[in-house]
Amino acid sequence: MRKAGLVVVGASLAGLRAVEAARASGYAGPVTLIGAEPHPPYDRPPLSKAFLQGGEGDEYGDGDAPAVPTLAGASALAALGVDVRLGEPATGLCLEAREVVAGGRAVPFDSLVVATGCTPVTLSDIGVALDDAGGPVDVGGAGVPDDTAGPVGGAGGIGGIGHVPAVGPVGARGAARMDGVHTLRTVEDARAVRRHVLAGARTVLVGGGFVGAEVATALRARGAVVTIVEAADVPLVRAAGPVVAPLLADLHARAGVDLRLGVSVRRVSRGPDGKRVVLSDGSVLDADLVLAGVGARPATGWLADSGLPVGDGVLCDETLRAAPGVHAAGDVARWHNPLFGTAMRLENRTAAAELGTAAGRNAVGPAAAVPVVPYFWSDWYGSPIRMAGVAAADEVRVTGAPESGSWTALYRSGDRVAGALTVGLSRQVMKYRAMIARRAPWETACAFAGAARTARHL
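Let me sum up the structure you'll find in this document. (Residues numbered from 1 in each chain as written. Predicted model: local features only at pLDDT ≥ 70, side-chain atom pairs only at ≥ 80, totals over all residues. Heavy atoms only, no water.)

1. Some details on the overall build of the protein
What the protein contains, in helices and strands, is ten helices and 29 strands. Among the 458 residues that make up the protein, the fraction classed as buried is 54%. Relative to all contacts within the protein whose residues are 6 or more apart in sequence, the contacts with residues 24 or more apart total 68%. Here the protein has roughly 17,800 Å² of accessible surface; of this, 53% comes from carbon and sulfur atoms. (Helix = DSSP H or I, 4+ residues; strand = E, 2+ residues; numbered from the N terminus. Buried < 20%, exposed > 50% of the residue type's maximum accessible area, 1.4 Å probe, protein only. Contact = heavy atoms within 4.5 Å. Areas by Shrake-Rupley, 256 points an atom, 1.4 Å probe, with all protein chains shown as cover.)

2. Here's the deal with the pattern of salt bridges
Under the criterion given, the structure shown has 20 salt bridges. Across the pair E20 and R17 runs a salt bridge, and its minimum N-O distance is 3.0 Å. With E20 and R17 both in helix α1 (residues 13-24) and three residues apart, this pair spans about one turn of that helix. By relative accessible area, E20 is classed as partly exposed at 29%. The partner of R260 in a salt bridge is D258, and the shortest N-O contact between them spans 3.0 Å. Given a relative accessible area of 24%, R260 falls into the partly exposed group. Connected through salt bridges with shared partners, the residues D312, R334, R345 and E347 form a single ionic network. (Salt bridge = Lys/Arg side-chain N within 4 Å of Asp/Glu carboxyl O.)

3. Here's the deal with the packing of α1 against helix α8 (residues 349-364)
Where α1 meets α8, the axes come as close as 7 Å, and the angle between the chain directions of the two elements is 40°. Judged by the twist between their axes, the crossing of α1 over α8 is right-handed. Along its contact with α1, which presents L13, A14, R17, A18, A21 and A22, the element α8 presents R349, A352, A353, G356, T357, G360, R361 and V364. Across the contact of α1 with α8, the residue classes break down as eight nonpolar, three polar and three charged. (Axes fitted to C-alpha atoms, helices over the stretch in contact; angles between N-to-C directions. Left-handed = near helix turned anticlockwise from the far one by under 90°. Nonpolar A, V, L, I, M, F, W, Y, C, P; charged D, E, K, R; others polar.)

4. Some thoughts on the sheet that holds strand β7 (residues 111-114)
Taken together, the six strands give an open sheet; going across it, the order is β3-β2-β1-β7-β22-β21, and neighbouring strands pair in mixed fashion. The open sheet has two edge strands with one neighbour each: β3 (82-85) and β21 (321-323). Between one strand axis and the next, the sheet turns by 20° as a mean value, whatever way the strands run. Strand direction decides the pairing type here: β7 and strand β22 (residues 326-328), joined by three bridges, are parallel. Across the sheet, the residue bridging to V114 is A328, located in β22. Lying over the sheet, α8 contacts β1 (6-9), β7 and β22, oriented at roughly 170° with respect to β22. (Pairing = 2+ DSSP bridges.)

5. Regarding the side chain of R85
By the secondary structure assignment, R85 is in strand β3. Polar contacts involving the side chain of R85 include one to the side chain of D83, which spans 3.1 Å. Leaving out residues up to four positions away in the same chain, R85 has contacts with T32, L33, I34, G35, R105 and V107. (Polar contact = N/O pair within 3.5 Å; in protein donor to acceptor, adjacent residues only side chain to side chain.)

6. Topic: the packing of aromatic side chains
Under the counting rule described, the total for this entry stands at four aromatic pairs. Ring centres 4.8 Å apart and planes at 65° place the aromatic pair F210 and F376 in the edge-to-face group. Taken together, the residues span a long stretch of sequence, with F210 in helix α5 (residues 210-220) and F376 in strand β25 (residues 375-380) at a distance of 166 residues. Among the aromatic residues, ring-to-ring pairing joins F210, F376 and W380 into one connected group. Sitting above the plane of the F51 ring, R194 keeps its charged end 5.9 Å from the centroid. (Phe/Tyr/Trp six-rings, centres within 6.5 Å; stacked < 30°, edge-to-face > 60°. Lys NZ or Arg CZ within 6 Å of the ring centre and 35° of its normal.)

7. Some remarks on unusual backbone geometry
Phi is positive for R98, which is not a glycine, with a value near 55°. In this fold, R98 is placed in the loop between β4 (90-94) and β5 (99-102). By relative accessible area, R98 is classed as partly exposed at 22%. Positioned with a positive phi, R439 is a non-glycine residue whose angle comes to about 60°. Along the polypeptide, R439 turns up in the loop between α9 (429-437) and α10 (442-456).

8. Here's the deal with α8
With 16 residues, α8 extends 23 Å from end C-alpha to end C-alpha; this agrees with the ideal 22 Å at 1.5 Å per step. For α8, the full list of buried residues reads T350, A351, A352, A353, L355, G356, A358, A359, G360, N362 and A363. Where α8 begins, the side chain of N348 points an oxygen toward the backbone nitrogen of T350, at a separation of 3.4 Å. (Expected span 1.5 Å × (residues − 1).)

9. Details of the layout of surface pockets
Reported here for the second largest pocket is a volume of approximately 290 Å³. Mapped by element, the contributors of at least two residues to the lining of the second largest pocket are β11 (181-182) and α4 (187-198). Broken down by element, the residue count for the lining of the second largest pocket peaks at three residues, all from α4. The residue makeup of the lining of the second largest pocket, split by class, is seven nonpolar, five polar and five charged. (1 Å grid on protein atoms, 1.4 Å probe; cavity = no way out; pocket = protein on both sides within 12 Å on 5 of 7 lines; lining within 4 Å. Points joined across faces, edges and corners; volume = space filled by probe spheres on them.)

Shown next as structure tokens:
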């Protein structure tokens, strides 16, 4: 008789929470956790925050190989009674046979949770030429739209509703990889970027999203020269909305970051002293580090021909169910969020944990709908930024003075509050999140914001 049970693909935060929730629900059958990386589940948000900082009292240790911010080590996983298979990326799924193929082996399942996350979009993916051989920089045609490359620098961020930036046809031009040109997703990526940060590298950040802003924060703390290249007129319009995005962009300017807006990257080449980054307006930037933060795609390639519905993520109903006995969680899941009445895919830690817990519980017991209020946090140049809910709104109201470093933006949808973003007011955001969860009236949130501001000035 085959040993099946619950299989979780993705040794991520979402995958770990699914395992924990299944056990907490009383499920005593076999559990298998499959991970593509060699590491046990680890925390990703620190990779663009404290992990990069270094310095005295560095919690991750010194040197080129700082400790991995592990969520659950071998002993914790053993206590959960999990068969852990790390370094074995899933390569196929057969719904009819109820098997996952990973590490060249067929793994049977009764219930399956897909939690494979996302893969970052690279510069090569969006047609930027990487010329590792060097040579003269050709700026011919600079400023002329290039339909083969598409814009570089997504206007979204890790905290918003997941999406891939609108780019032209995918296809690399020139070298596929280049020393000193990175994305930031895995702990290996973070170690490479950290070495540049600790050296105070001249850096070009391609894309004005939250991850890039956090890397810029670490670099500016060391006095490094930082340039953000963003194809949109203002970064983060999709994540924060057109009213709030310019206020966030001001934080970069005040911190001494060079913002290049409305331009894209055409080419990165090796120069006599580092990298040369050619922009669409003909300008050339010198850099030691080029970091791409132009979005991420759900890791669903292994599901091709499986019959599982896929479209910017694994398509799920309001219970995270994608097919009989198959659920999805975390960045890879696009599910119907009943709280907002629409399909969402979220790329943030809170959603990964909450969706993972719900998917694990639903996979082994009675299914329940999964209403979630999106929530994320970021810290830029000493300013804590927190957001709950969504930025799509009929009205945005800002209270407080942005130049003071403490302010709130409220987002209205119909007659209810749909979102709240705070800067310098971290303790308030969870109150707004609770209001959004209970569908509180717009005026209730506005009254709270006004009262909170008055209390701060007493």
